[in-house]
Amino acid sequence: MEYLSFGGNNILHVHIYSNINTGLFCTIGASAALSPTPGMVGYGSAKSAAHHYLQSWGPKLLEENDINSVAILPLMIDTPMNRDMLGDDGEDERYSKMVKPIHIANEIGEWLKQPELMPHAGSLVKVIAKNRRDGSGGAAFHLVR
């Protein structure tokens, strides 16, 4: 079975691809929204709502269109904007908790190559960085729900 992988920030983008009848929809959630987020109530609420929506709608999307849907939940993705927010000096211990985009892409690629490894429809998959001081490392992916 061939899979088409596409992603976005809103699961409704799937409707754009209504002629696609097999695939994988990945969206980025947030591991922070798995527990209370004092000081970031709006952020936590929005991410929690997105997680709930994906979990509720994912099985139906699989049943009706054979499109699996999974939310990837990093703590923080290593992007220029996030580095700017932290000051980009590299000394902050939060840098070691940043997940590199390539690690997320590689995991999704493995799911596409080996569908038996793909999480079930509507899954939330937490990503934990396994970075070392020299910048090498990887990421661990854990099924949350």
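It should be emphasised that the depicted structure is a prediction, and the values quoted were computed from it without experimental measurement. (Residues numbered from 1 in each chain as written. Predicted model: local features only at pLDDT ≥ 70, side-chain atom pairs only at ≥ 80, totals over all residues. Heavy atoms only, no water.)

Turning our eyes to something else, we now look at the overall build of the protein chain. If you tally the helices and strands in the protein chain, you get 3 helices and 7 strands. Secondary structure elements of the protein chain, listed N to C terminal, follow the sequence β-β-α-β-β-α-β-α-β-β. For the protein chain, buried positions account for 37% of its 145 residues. Looking at the protein chain alone, contacts between residues at least 24 apart form 54% of all its contacts between residues at least 6 apart. (Helix = DSSP H or I, 4+ residues; strand = E, 2+ residues; numbered from the N terminus. Buried < 20%, exposed > 50% of the residue type's maximum accessible area, 1.4 Å probe, protein only. Contact = heavy atoms within 4.5 Å.)

For the coordinates displayed, the defined rule picks out 4 salt bridges. Two residues, Glu64 and Lys60, come together in a salt bridge whose shortest N-O distance is 3.7 Å. One end of the pair, Glu64, and the other, Lys60, are both in helix H1 (residues 41-65), 4 residues apart, so they sit about a helical turn from each other. Given a relative accessible area of 53%, Glu64 falls into the exposed group. The class of Lys60 is partly exposed, set by a relative accessible area of 44%. Note that Asp78 is salt-bridged to Lys100, the shortest N-O span being 3.1 Å. Taken as a pair, Asp78 in the loop between strand E4 (76-77) and helix H2 (80-86) and Lys100 in the loop between strand E5 (98-99) and helix H3 (101-113) lie far apart in primary sequence, 22 residues in all. Judged by relative accessible area, Lys100 falls into the partly exposed class, the value being 23%. Here the residues in one salt-bridge network are Asp78, Arg83 and Lys100, joined through shared partners. (Salt bridge = Lys/Arg side-chain N within 4 Å of Asp/Glu carboxyl O.)

Once that is clear, we can look at H3. In this model, H3 (13 residues) spans 18 Å end to end at C-alpha, consistent with the 18 Å of a helix rising 1.5 Å per residue. By the burial criterion, the buried members of H3 are His103, Ile104, Ile108 and Trp111. Projected down its long axis, H3 carries its buried residues within an arc of 135°, all on one side. (Expected span 1.5 Å × (residues − 1). Arc of directions from axis to C-beta.)

The subject of this paragraph is the pairing of strand E2 (residues 23-28). Among the 6 residues of E2, 5 are classified as buried, and the element is accordingly described as predominantly covered. Two elements, E2 and strand E3 (residues 67-74), share 6 bridges in a ladder whose sense is parallel. In the sheet register, Leu24 faces E3, and the bridge partner there is Asn68. Crossover connection from E2 via H1 to parallel E3: handedness right-handed. (Pairing = 2+ DSSP bridges. Right-handed = clockwise from strand over helix to strand, strands pointing away.)

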